[in-house]
Amino acid sequence: MSQLRHDAEFDPTMVTEITDRGYTVQRANVSRELMDAWRSVVSRGFLDSEPTDEQLAAFFDRNKDYRLIGIYDPQAAVPEMPVATLGAWGARLTVPGGELESFAVSAVTVAPTHRRRGLLRSLLGGELRAAAHAGFPIASLTVSESSIYGRFGFAPAALAADAEISVRQAGWIGPEPDGRIDFLTREQGRAVADELHERVRAGRPGEVDHRAGAWDYTFGTMPAVEKAGAIRVVQYRSPAGQVDGLAVYTVTENETNFPDSTLNLQRFIAATDDAYPALWRFLLSLDLIGTIRASELSIDEPLWWMIADRRAARVSVLDHHYLRVLDVAAALEARRYDRTDELVLDVSDPLGIAGGRFHLTTAESGAATVRPAESSATPDVELGIAELSAMLLGGVSAVTLARAGRLRSPDPERVARLFAGTVTPQLSFWY
Ligand SMILES: CC(=O)SCCNC(=O)CCNC(=O)[C@H](O)C(C)(C)COP(=O)(O)OP(=O)(O)OC[C@H]1O[C@@H](n2cnc3c(N)ncnc32)[C@H](O)[C@@H]1OP(=O)(O)O
């Protein structure tokens, strides 16, 4: 994985906009003191309590190489605490039949004392231009609020399902594979998780690779994780002895009615069609568990076809993985298509980064080539960069976007057929 190095240049327009207001902007990962202050401000921005010394040390160890930016107000009572933060790194994003290097963004906060003065607009606008300049074809993030990022050209490309499953009502009618389930220590789980996740990620549009240090939060394998001892890990091993799946969960006891306790599924990674039902069947058979709560599932889970009573699962759908194309040709050429066609796309971009008129040609092999379209060419589809980003993984149909008034085309069915995918996009975690 290549990363946008933390010493990459800032966007000059961003620096001017920020300094004209009397603030400064700089990387926080230049000293332990600045990193600690940056991390504390991010905690406050996300309504968490002050990090402990142990948590600050763990953060420092794991994030020195990422791009952590702070905007500083010299007039503030504690000037070393940033008034705005943003963190970014290079992530590998799966698209249908391929992958792209994404400028992954997280930890975006503006202090309540400085909100709605345009700091986010300057910082994110500048970082997206810097990322495009550095060669990233796309940016991605998961959101605290749906209403923030559309204006920057982001749109949800992979949705997520939250489910509450009534265990005794569900009834298992799915496969019952051979192979075995065993408990692991958290350290053992941590050791196999990344390889399993990468096997899954390769075939699932919308997934990104996991930042190495982030697994320690999942498994509680560093001292700073609260209630790490509550985390349980099981693996599925095939009859041939290969580890093909992992489930990570905690349990909330029902103290007045033990058999009605709740299992909170933290991560579910099944790399084969045997591991998947084997692990779900195990979870649905646990004594004393009345309810399973799970989130970041696919909106198209095979599980719904493996339980006798569909209404045992109450499912709600959320926008989850937001994408923002920064280079139209590179993004469209990275994925594969199931049909041959030629389209002229007219793409508008509110930030002026990636718009233009493009000629997309797809070949029998599934590969695409994109070149600038003649200015006289009539567009087959006119859309914004957000709508193109939403369609890239095949998660939303051009017909739906046309009916919503979000794109214009004389033949949206044709556009929809070209962009359709066979695997429902999913991102199985937050970042
Ligand atoms: C990837 C992630 O990290 S997601 C996490 C986002 N962060 C949070 O939720 C933490 C709490 N919130 C905050 O820190 C801040 O309110 C932020 C970062 C969301 C916004 O920062 P601000 O500096 O206030 O935004 P800024 O003034 O630049 O506003 C830019 C535009 O976004 C709009 N906007 C800002 N915040 C919101 C919001 N929460 N909901 C809807 N619109 C918003 C503004 O109205 C403005 O619109 P306009 O340009 O059309 O007039």
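Residues numbered from 1 in each chain as written. Predicted model: local features only at pLDDT ≥ 70, side-chain atom pairs only at ≥ 80, totals over all residues. Heavy atoms only, no water.

Looking at a nonpolar patch on the surface
Here's step 1: Nonpolar side chains collect at one region of the surface, where Leu159, Ile299, Val315 and Val317 lie side by side and expose about 290 Å² of accessible area between them.
Here's step 2: Tracing the sequence through the fold places Leu159 in strand S6 (residues 155–166). (Patch = residues over 30% accessible without salt bridge, like charges linked within 9 Å, V, L, I, M, F, W, Y side chains within 5 Å. Areas by Shrake-Rupley, 256 points an atom, 1.4 Å probe, with all protein chains shown as cover. Salt bridge = Lys/Arg side-chain N within 4 Å of Asp/Glu carboxyl O. Helix = DSSP H or I, 4+ residues; strand = E, 2+ residues; numbered from the N terminus.)

Side note on the sheet that holds strand S17 (residues 407–408)
Here's step 1: Taken together, five strands build an open sheet; the order of strands is S15-S14-S13-S16-S17 and the sheet is mixed. Two strands close off the open sheet at either side, each with one partner strand: strand S15 (368–372) and S17.
Here's step 2: Two elements, strand S13 (residues 341–348) and strand S16 (residues 381–384), share four bridges in a ladder whose sense is parallel. From the neighbouring strand, Val347 faces S16, where its bridge partner is Leu383.
Here's step 3: Helix H12 (residues 412–419) rests against S13, strand S14 (356–362) and S16 of the sheet, and its axis sits at about 100° to S13. (Pairing = 2+ DSSP bridges. Contact = heavy atoms within 4.5 Å. Axes fitted to C-alpha atoms, helices over the stretch in contact; angles between N-to-C directions.)

Comments concerning empty space enclosed by the protein
Here's step 1: What the rule picks out here adds up to one cavity of 30 Å³ or more.
Here's step 2: Approximately 40 Å³ is the volume attributed to the largest cavity.
Here's step 3: Taken together, His197, Val200, Arg204, Glu207, Arg267, Phe268, Ile269 and Ser428 form the lining of the largest cavity.
Here's step 4: When residues of the lining of the largest cavity are traced back to their parent elements, those giving at least two are helix H6 (186–202) and strand S10 (261–270).
Here's step 5: Top contributing element to the lining of the largest cavity by residue count: S10, with three residues. (1 Å grid on protein atoms, 1.4 Å probe; cavity = no way out; pocket = protein on both sides within 12 Å on 5 of 7 lines; lining within 4 Å. Points joined across faces, edges and corners; volume = space filled by probe spheres on them.)

Concerning the site of the ligand
Here's step 1: The local shell around the ligand holds 23 residues, among which Val108, Val110, Arg116, Ser144 and Glu145 are the closest.
Here's step 2: Between the ligand and the protein, one listed contact pairs an oxygen atom with a backbone N or O atom of Val110 at 2.8 Å.
Here's step 3: Between the ligand and Arg151 there is a distance of 3.3 Å, counted from an oxygen atom to a side-chain nitrogen or oxygen.
Here's step 4: Contact with the protein chains hides 78% of the accessible area of the ligand, taken as 960 Å² for the molecule alone.
Here's step 5: Elements with a minimum of two residues in the shell around the ligand: strand S4 (98–110), helix H4 (119–133) and strand S5 (138–142).
Here's step 6: Looking at side-chain class alone, the shell around the ligand contains 10 nonpolar, seven polar and six charged residues. (Near = heavy atom within 4 Å. Polar contact = N/O pair within 3.5 Å; in protein donor to acceptor, adjacent residues only side chain to side chain. Nonpolar A, V, L, I, M, F, W, Y, C, P; charged D, E, K, R; others polar.)

A short note on the UniProt feature "domain: Eis-like acetyltransferase" (unreviewed entry) in the protein
Here's step 1: Here the UniProt feature "domain: Eis-like acetyltransferase" (unreviewed entry) sits at residues 207–317.
Here's step 2: Split by type, residues 207–317 is 14% helix and 36% strand. Its first and last C-alpha atoms lie 17 Å apart. (UniProt positions renumbered as here; feature names shortened; annotations may be inferred.)

A look at H6
Here's step 1: Given a rise of 1.5 Å per residue, 17 residues ought to cover 24 Å, and the 25 Å separating the end C-alpha atoms of H6 matches this to within 8%.
Here's step 2: Along its length, H6 reaches its greatest deviation from straightness, about 35°, at Ala193.
Here's step 3: Here H6 has its buried residues at Gly189, Ala193, Leu196, His197, Glu198, Val200 and Arg201. (Expected span 1.5 Å × (residues − 1). Bend = angle between axes of the 7 residues up to and from the residue. Buried < 20%, exposed > 50% of the residue type's maximum accessible area, 1.4 Å probe, protein only.)

A few points about the UniProt feature "domain: Enhanced intracellular survival protein" (unreviewed entry) in the protein
Here's step 1: Residues annotated in UniProt with the feature "domain: Enhanced intracellular survival protein" (unreviewed entry) correspond here to residues 328–425.
Here's step 2: Regarding residues 328–425, the helix share stands at 29% and the strand share at 27%, and the terminal C-alpha atoms are separated by 20 Å.

Here we look at the packing of aromatic side chains
Here's step 1: Inspection of every chain in the model, using the stated rule, returns 12 aromatic pairs.
Here's step 2: Relative to Phe59, the ring of Trp38 has its centre 5.9 Å away and its plane inclined at 15°; by these criteria the two rings are stacked. Within this pair, whereas Trp38 is found in helix H2 (residues 32–45), its partner Phe59 is found in helix H3 (residues 53–63), the two being separated by 21 residues in sequence. Each member of the pair, Trp38 as well as Phe59, is classed as buried.
Here's step 3: In this structure an aromatic cluster arises from ring pairing among Tyr66, Trp89, Phe429 and Tyr431. (Phe/Tyr/Trp six-rings, centres within 6.5 Å; stacked < 30°, edge-to-face > 60°.)

Some words on the pattern of salt bridges
Here's step 1: One pass over the full model with this rule turns up 22 salt bridges.
Here's step 2: Between Arg293 and Glu164 there is a salt bridge, and its shortest N-O distance comes to 3.1 Å. With Arg293 in strand S11 (residues 289–297) and Glu164 in strand S6, this pair connects stretches of sequence that are 129 residues apart.
Here's step 3: According to the relative accessible area criterion, Arg293 is partly exposed, its value standing at 41%.
Here's step 4: Here Glu198 makes a salt bridge to Arg201, at a shortest N to O gap of 2.9 Å. Of the two residues, Glu198 and Arg201 both sit in helix H6, three residues apart, roughly one turn of that helix. Both residues of the pair, Glu198 and Arg201, belong to the buried class.
Here's step 5: The structure contains a network of salt bridges with shared partners spanning Arg92, Glu99, Glu198 and Arg201.

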